Amino acid sequence: MNETLVRTWLDRCSIEIAEEKGGELWALCPDPDHSDHNPSWSITTETGQHYCFSCHFGGGLLTLVAVVLGESAAKGLRTDDKAPPVQPMNQRLDPSFQPIRRLPGERPTISQAELVLFEDPPQWALDERRLDRGAVDYFNIRWSAKEEAWVLPLRWDDGGLMCYQVKGQTRKFVRNRPRGTPMSHTLFGLLESTSMDSVVLLESPLDAALLHRLGYQAVALCGSRMSDPQRNLLQRYDQVVLALDNDKAGRAETERILRSMPGFECRAFDYGDSTATDVGEMEDEELDRRLSRTVG
């Protein structure tokens, strides 16, 4: 086990680190059954062992991946990590708990009717994200009033609703529903990006809606690392502009993607001297100006 492996899989699980203390990373508990409001869960970068001091969810990196992304993703972790499998399933408050298991090749879908249970995003949330009603309607983005959170649908490439991601607006949290869905097999906005000419690749679905408002076609990883299935999906476009976050991890992933797609027209978005950590923090005029230099 090594720190790079641990951080890579935390990204794939969409776990946002709130604090680093020595060799421990702290975040909101990723257990889908625990509504954590303060970071009470930590994982050690050396061993991958993790534990929530609130609900007692814990174990090894393998069990974390199995619970959050599903058993098929956990098999990918075994491939990445040549060491013996990490600790078996932890002793939870509910000892009968088992992660969702999916048959090989199974493509789970959920009913479109589940999105009807949510509301239209309120104007104050649109204003905070600099979005308009047309952009959120275009991507069928919904709103959870109870959690004050965005509801972001993700679909299979055949149009079926794979899952949705719940992303907090007034407090930071991300949950994937249903848990265990292989989100790394799709891209947010994939079905809405009908032109095969050029597409902008982002980390955040909400930034994709922002770019749509500005007139650009965009898709999002819902994370900070591109998977092989996502790379295959991107090859349908004539040009891909990489506008990942303007931080160390985003720049490193941009370089990795550029190396992994030889012979393919793939360009990196130039943040220049901007201090913005992502495109969503840039003013519309500057963002449009820099994108127009790269796209096309």
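A short tour of the structure in this document, coming up. Note that the structure is a prediction, hence the values are computed from the model and not measured.

**Description of the packing of helix H1 (residues 3-12) against helix H2 (residues 61-69)**
Now for step 1: Closest axis-to-axis distance for the H1/H2 pair is 10 Å, and the angle between their directions is 10 degrees. Taken as axis vectors, H1 and H2 run roughly parallel relative to one another. Seen along the crossing, H1 lies across H2 with a hand that is left-handed. Along the contact surface, H1 presents Val-6, Trp-9, Leu-10 and Arg-12, while H2 presents Leu-61, Leu-64, Val-65 and Leu-69.
Now for step 2: Here the contact of H1 with H2 is built from residues that sort into 7 nonpolar, no polar and 1 charged.

**Here's the deal with the nonpolar core**
Now for step 1: The biggest cluster of nonpolar side chains holds 36 residues, and the ones touching the most others in it are Ile-141, Trp-150, Phe-188, Leu-202, Leu-211 and Phe-269.
Now for step 2: Among the elements of the structure, helix H5 (123-129), helix H6 (133-138), strand S7 (149-155), strand S8 (161-168), strand S10 (198-202), helix H7 (205-213), strand S11 (218-220) and helix H10 (284-294) are those that each provide at least two residues to this core.
Now for step 3: For this core, the element with the highest residue contribution is H7, accounting for 5 residues.
Now for step 4: Contacts of Leu-202, omitting those with residues within four sequence positions, involve Asp-207, Ala-208, Leu-211, Ala-218, Val-219, Ala-220, Leu-221, Ala-243, Leu-244 and Val-279.
Now for step 5: The next biggest cluster of nonpolar side chains, apart from the first, holds 21 residues, and it includes Val-6, Trp-9, Leu-25 and Leu-64.

**Here we look at empty space enclosed by the protein**
Over the atoms a probe the size of a water molecule is rolled, and this reveals where empty space is left.
Now for step 1: Taken as a whole, this structure holds 1 cavity of 30 Å³ or more when the rule is applied.
Now for step 2: By volume, the largest cavity amounts to about 60 Å³.
Now for step 3: The residue makeup of the lining of the largest cavity, split by class, is 7 nonpolar, 1 polar and 2 charged.

**A few points about H1**
Now for step 1: Looking only at H1, the buried set comprises Leu-5, Val-6, Thr-8, Trp-9 and Leu-10.
Now for step 2: Positive backbone phi, at 60 degrees, marks Ser-14, one or two positions downstream of H1.

The rules behind these values
Residues numbered from 1 in each chain as written. Predicted model: local features only at pLDDT ≥ 70, side-chain atom pairs only at ≥ 80, totals over all residues. Heavy atoms only, no water. Axes fitted to C-alpha atoms, helices over the stretch in contact; angles between N-to-C directions. Helix = DSSP H or I, 4+ residues; strand = E, 2+ residues; numbered from the N terminus. Parallel < 35°, antiparallel > 145°, perpendicular 65-115°, else oblique. Left-handed = near helix turned anticlockwise from the far one by under 90°. Contact = heavy atoms within 4.5 Å. Nonpolar A, V, L, I, M, F, W, Y, C, P; charged D, E, K, R; others polar. Core = buried A, V, L, I, M, F, W, Y, C linked by side-chain atoms within 4.5 Å. Buried < 20%, exposed > 50% of the residue type's maximum accessible area, 1.4 Å probe, protein only. 1 Å grid on protein atoms, 1.4 Å probe; cavity = no way out; pocket = protein on both sides within 12 Å on 5 of 7 lines; lining within 4 Å. Points joined across faces, edges and corners; volume = space filled by probe spheres on them.

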